[in-house]
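Chain by chain, the residues:
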Amino acid sequence: MSASRQSGTTDELGPEEPEPGGAELLAALLDGMDAALCAFDADGVVTHWNREAERILGWTAAEAVGRHGFTGWAVRPADAGDVEERLLSAMDAPGRQVHEFALVTKDGGRVLVRMQSASVRGGDGKPSGVYCAFSEVHAQIDLERSIALSEALFETASWGVVLVDADLRPAVVNEHAARAFGVGRSAVLGRPLADLLGQGVEELESALTHVLAEGTPPAPAEMWVTVRAAGGGEDDGDARRCWRSGFLRLASPLAEEPVPLGVGWLFLDITEAKQTEQLASQLRFRSQQLHRAARATAECEDPTEAATVQLDFALAGFADHALVDLLAGEDPVRLVRAAATPAGPPGPCRPVATAGIPVRYPEGHPAPQSVERVGSVRASAGVGAPAERVREWAAARQWPEDSVHALCVVLRSRGRTLGVVTFLRGAGRGAFDHSDAAYAESVASRVATSLDLSQALSS
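Residues numbered from 1 in each chain as written. Predicted model: local features only at pLDDT ≥ 70, side-chain atom pairs only at ≥ 80, totals over all residues. Heavy atoms only, no water.

A. Representation of the overall build of the protein chain within the structure. Of the regular secondary structure elements, the protein chain holds 15 helices and 17 strands. In terms of overall size, the protein chain is more extended than a compact globule, its C-alpha atoms giving a radius of gyration of 40 Å where 459 residues would be expected to give roughly 23 Å. C-alpha extents for the protein chain along the principal axes are approximately 125 × 40 × 35 Å. Looking at the 459 residues of the protein chain, the share that counts as buried comes to 41%. Taking the contacts inside the protein chain whose residues are at least 6 apart along the sequence as the reference set, 51% of them involve residues at least 24 apart. Total accessible area computed for the protein chain in this model is approximately 24500 Å², and 52% of it derives from carbon and sulfur atoms. (Helix = DSSP H or I, 4+ residues; strand = E, 2+ residues; numbered from the N terminus. Rg over C-alpha atoms; globule rule 2.2 N^0.38 Å. Buried < 20%, exposed > 50% of the residue type's maximum accessible area, 1.4 Å probe, protein only. Contact = heavy atoms within 4.5 Å. Areas by Shrake-Rupley, 256 points an atom, 1.4 Å probe, with all protein chains shown as cover.)

B. Representation of the sheet that holds strand S14 (residues 350-351). What the six strands build is an open sheet, ordered S14-S13-S12-S17-S16-S15; its pairing is antiparallel. Two strands in the sheet have a free side with no partner beyond their single neighbour: S14 and strand S15 (377-380). Note: strand S12 (residues 321-330) against strand S17 (residues 416-425), six bridges, orientation antiparallel. If you follow Val324 over to S17, its bridge partner there is Val421. (Pairing = 2+ DSSP bridges.)

C. Just the side chain of Thr105, in detail. Assignment of secondary structure puts Thr105 in the loop between strand S4 (97-104) and strand S5 (110-121). One polar contact links Thr105 to Asp107, side chain to side chain, over a distance of 2.4 Å. Filtering out sequence-adjacent residues up to four positions away, Thr105 remains in contact with Ile56, Leu57, Trp59, Arg110 and Val111. (Polar contact = N/O pair within 3.5 Å; in protein donor to acceptor, adjacent residues only side chain to side chain.)

D. Fine view of empty space enclosed by the protein. Counted by the stated rule, this structure contains one cavity of 30 Å³ or more. By volume, the largest cavity amounts to about 70 Å³. Surrounding the largest cavity, Phe40, Gly44, Gly69, Phe70, Thr71, Val75, Ala80, Val83, Glu84, Leu87 and Leu88 form its lining. Take the lining of the largest cavity: its biggest share by element is five residues, from helix H5 (residues 77-88). Residues of the lining of the largest cavity, tallied by class, amount to seven nonpolar, three polar and one charged. (1 Å grid on protein atoms, 1.4 Å probe; cavity = no way out; pocket = protein on both sides within 12 Å on 5 of 7 lines; lining within 4 Å. Points joined across faces, edges and corners; volume = space filled by probe spheres on them. Nonpolar A, V, L, I, M, F, W, Y, C, P; charged D, E, K, R; others polar.)

E. How the structure looks around the packing of helix H11 (residues 271-297) against helix H12 (residues 303-315). Where H11 meets H12, the axes come as close as 9 Å, and the angle between the chain directions of the two elements is 155°. With respect to each other, H11 and H12 are oriented roughly antiparallel. Where H11 crosses over H12, the two elements pack in a sense that is right-handed. Residues Gln289, Leu290, Arg292, Ala293, Ala296 and Thr297 of H11 form the contact with H12, whose own contacting residues are Ala306, Val309, Gln310 and Phe313. Among the residues forming the contact of H11 with H12, the class breakdown is six nonpolar, three polar and one charged. (Axes fitted to C-alpha atoms, helices over the stretch in contact; angles between N-to-C directions. Parallel < 35°, antiparallel > 145°, perpendicular 65-115°, else oblique. Left-handed = near helix turned anticlockwise from the far one by under 90°.)

F. Representation of the sheet that holds strand S9 (residues 221-226) within the structure. In space, the five strands of this open sheet follow the order S8-S7-S11-S10-S9, with antiparallel pairing throughout. In the strand order of this sheet, the two ends are held by strand S8 (170-173) and S9, each with one partner. Taking the axes of each pair of neighbouring strands and ignoring which way they run, one obtains an average angle of 35° across the sheet. One ladder, built from five bridges, connects strand S7 (residues 160-164) with strand S11 (residues 260-269); its direction is antiparallel. Within S11, the residue paired with Val164 across the bridge is Val263. Against the sheet, H11 touches S9, strand S10 (240-251) and S11, its axis set at about 100° to S9.

Below is the structure:
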C-alpha cells in the first residue's frame, strides 16, 4: 500500500475531517498509477510513495515515507545536494520542471530516471510541498518513440496509413492516404469505405473484418481497387490501383482482455510495378505463342490450314473469336468470309464455305474501315453496357452476340491488301489496347503470308 504522513498534510489532502473512505481512495489512486510518484513537504520530507516507485527503486512506502529527501538512501552522497536543490526548486517555479538524474535502488544498483516535479499549493495559495512523477529513462524514451512514430506515420509517411474503427470507417487518415482517395483528410473520416472505393471494396472490408476477429495476418496482401471520383462516381480504368496492404489489429492496453479498437491499415501503391510485371509476363507468353505457332504451321501442307492454326495459337489468352474476311472488291470494299471460330463456345478456327457471297457489313463498319485505312481499327460496345444493348450492337455488325470489344487488322502481303482479320472479346475481357493491336498486327502478317501463298498456289 502507499503510505502518507498523517500530520501536516491536511492542506494537500483537503479538510481536516475528510469524508469516510477518502484516505483509502487516495491510496488506491496513487497505487493504480502507471508512473512512480512521490511527494515532499516544504521541509523536503517524503510524504507519499506509491507502488510503482517501490517497483523501480525497491524501497517500500514504509521505508521511504518520513525520510528527508533522497539523501543517504536513494542517491549517492556526491549527488545528494544537487538533486535536493533541483527538486525543491519546483516550489518556487511556475509549471512543471523536468530533470534527469540517477537514483540508487535498495540493492545498491543505479537507475537513470526522468522526473517531472511541480509545487503543491496550500489553502492560502503558498507552496506547501512538491510532488514528483518519475519513470525509468528507457521506458520514457520508448513512450516518446512510440508517440513520435505515430505522429510521423500520420503526417509524413510515404505510404498510406488509415486507422479504421470497429464499424469499418476511417477514424484517422494521413496525408498520403487522403491523396490516394482523392479527397481531403477530414472528408474521409467517418465515411463508409464504399463511398471512397468502387471495385475491390468488398475484398478490403472482408480483410478488415477478418483482422478484427482473428488478429494480424502474417503477410501483406495485394488488392486491386477502383477509386471513386470526388463527386461520388467511379473514375475510368486509370483509377484502378493495386495497393500492397498490411493490417494490424489494435487493442486497448488498458483492458484486462484484448478489446479491438479497430485496424491499422498501411498500404503502398504498386500499380506501376504490377502493370510492368504483367506486361512483361504477357509479352513472354505472346512471344512463346508466336514461336509455337511458327513451328506448328511449318508442318502444315495447306497454307490455308497454316493460317487458321496461326489464329488458334493467337487466340489463347487474347480473344474469344476470330474472323477472316478476304477482299473481293475495292470500290466499294467488299469482303468475303474465309474462316471463323464458332459463334458459340470458343473453338478452333475453320474455313467457311460462303460461295463467294460478300458479308453484309453496314456503312462505317470497322472491317471495311481497316481495309480503307490500311491499318488497325478498334471498336467497343462500352464498359458496363446492358446485355440487350450489347447483343444489338454485335448483331448489327455481323458478329457473335457475346462480342463486346473488337479489333480489326488489315492483312497485307507483298504490298497488297488481302483482307482483314477481326478479333473479338466478350464481357469477361477488357477492351483492346495499343499493345494488343501490336500483337494482332504481328499475327496478321503471318496469317497474310499463308493466305497469299494459298492464293498463289490456287491461281
